[in-house]
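A look at the structure
Single-letter residue listing:
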Amino acid sequence: MMKMLIHILLLKLSFSSVANDQVLKFVEDNCSTNSVDTLLVVKIITHESKAYYKGKPQPWPWTLNVNGKGYWFDSYQEALIKANSALKNKVSKLGIGLGQIEWKFHKHRFDGGLAQALKPKENIKVVCSILNEGRKAGIENSFELAAYYHRPIRDQIAFDYAEKVFK
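Conventions used here
- Residues numbered from 1 in each chain as written.
- Predicted model: local features only at pLDDT ≥ 70, side-chain atom pairs only at ≥ 80, totals over all residues.
- Heavy atoms only, no water.
- Phe/Tyr/Trp six-rings, centres within 6.5 Å; stacked < 30°, edge-to-face > 60°.
- Buried < 20%, exposed > 50% of the residue type's maximum accessible area, 1.4 Å probe, protein only.
- Helix = DSSP H or I, 4+ residues; strand = E, 2+ residues; numbered from the N terminus.
- Axes fitted to C-alpha atoms, helices over the stretch in contact; angles between N-to-C directions.
- Left-handed = near helix turned anticlockwise from the far one by under 90°.
- Contact = heavy atoms within 4.5 Å.
- Nonpolar A, V, L, I, M, F, W, Y, C, P; charged D, E, K, R; others polar.
- Expected span 1.5 Å × (residues − 1).
- Arc of directions from axis to C-beta.
- Disulfide = S-S within 2.5 Å.
- Salt bridge = Lys/Arg side-chain N within 4 Å of Asp/Glu carboxyl O.

**Side note on the packing of aromatic side chains**
- Enumeration according to the criterion identifies five aromatic pairs in this entry.
- Measuring from centroid to centroid gives 6.1 Å for W60 and W62, while their planes differ by 80 degrees, and the two rings are edge-to-face.
- Under the relative-accessibility criterion, W62 is labelled buried at 2%.
- Here the aromatic rings of F143 and F159 are separated by 6.0 Å at their centres, their planes lie at 15 degrees, and the arrangement is stacked. A residue pair is termed long-range when its members are at least 10 positions apart, and F143 in helix α8 (residues 142-150) and F159 in helix α9 (residues 156-166) qualify at 16 residues.
- Judged by relative accessible area, F159 falls into the partly exposed class, the value being 22%.
- Through a chain of ring-to-ring contacts, the aromatic side chains of F143, F159 and F166 assemble into a single cluster.

**Considering the packing of helix α7 (residues 120-136) against α8**
- α8 packs onto α7 with a crossing angle of 120 degrees between their chain directions and a minimal axis gap of 9 Å. In the crossing of α7 with α8, the sense of the turn from one axis to the other is right-handed. Residues V127, I130, L131, E133, G134 and R135 of α7 pack against L145, Y148 and Y149 of α8.
- By residue class, the composition of the contact of α7 with α8 is six nonpolar, one polar and two charged.

**Concerning helix α4 (residues 76-88)**
- Over its 13 residues, α4 extends 18 Å from the first C-alpha to the last, a length consistent with the 18 Å expected when each residue adds 1.5 Å.
- Every buried residue of α4 is listed here: A79, L80, A83 and A86. Down the axis of α4, the smallest arc covering the buried residues is 125 degrees, so these residues share one side. Projecting away from the buried face of α4 at angles above 90 degrees are the exposed residues I81 and K88.
- In this structure, the buried side of α4 is in contact with β3 (63-66), β5 (94-96) and α6 (113-117).
- Phi turns positive, to about 55 degrees, at K90, one or two residues after α4.

**Some thoughts on unusual backbone geometry**
- Phi at N67 takes a positive value of approximately 50 degrees, unusual for a residue other than glycine.
- Topologically, N67 is positioned in the loop between β3 and β4 (69-72).
- Positioned with a positive phi, K90 is a non-glycine residue whose angle comes to about 55 degrees.
- Within the secondary structure, K90 sits in the loop between α4 and β5.
- When its relative accessible area of 73% is taken as the criterion, K90 is described as exposed.

**Details of the state of the cysteines**
- This model, assessed by the stated rule, comprises one disulfide.
- A disulfide bridge connects C31 with C128, and the sulfur atoms are separated by 1.7 Å. Separated by 97 residues along the polypeptide, C31 in the loop between α2 (17-30) and α3 (38-48) and C128 in helix α7 bring together distant segments of the chain.

**A word on the pattern of salt bridges**
- Summed over the entire model, instances satisfying the criterion amount to five salt bridges.
- A salt bridge links R109 to E133; its shortest N-O distance comes to 2.9 Å. Of the two residues, R109 sits in the loop between α5 (103-106) and α6 while E133 sits in helix α7, which places them 24 residues apart along the sequence.
- Classification of E133 as partly exposed rests on a relative accessible area of 32%.
- Linking K125 and E122 is a salt bridge whose minimum nitrogen-to-oxygen distance equals 3.7 Å. Placement of both K125 and E122 in helix α7 is noted, with a separation of three residues, approximately one turn of the helix.
- When its relative accessible area of 36% is taken as the criterion, K125 is described as partly exposed.

All we've got here are geometric facts, nothing functional implied.
Rendered as structure tokens:
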């Protein structure tokens, strides 16, 4: 059911600006706080899990980054099998789902392990949680929050990332 919902949302996103409101609503409904800018979340998840439909970038829920190589799967189950295999093979980097949550640094946020991390709602909640932590640290600016999302120390690497998100 969730797969069908995501497909419908993403297809609609490709066809009209009205659909942007639906993706925003999906993000709003799944963020645990109103202090997070949902447009920023959409920018981040689109940048992080970017797939293309008719030449337009869109977020894709079953995306993995394994040691710097991106993988886009047709289903939750396919992505979960690959993620488990990657961990079994002791990869050094594993980005998971819409927000490409880096497993090494954020696995503690998912009590249900990889299975939970790949669920779009749960993944977005963690994206929002990380951004909210930046807000609690006093960061108000969306650009700096994007940098914080990538690297909380907000060094040049983090700001280069934020430039890409806002491109």
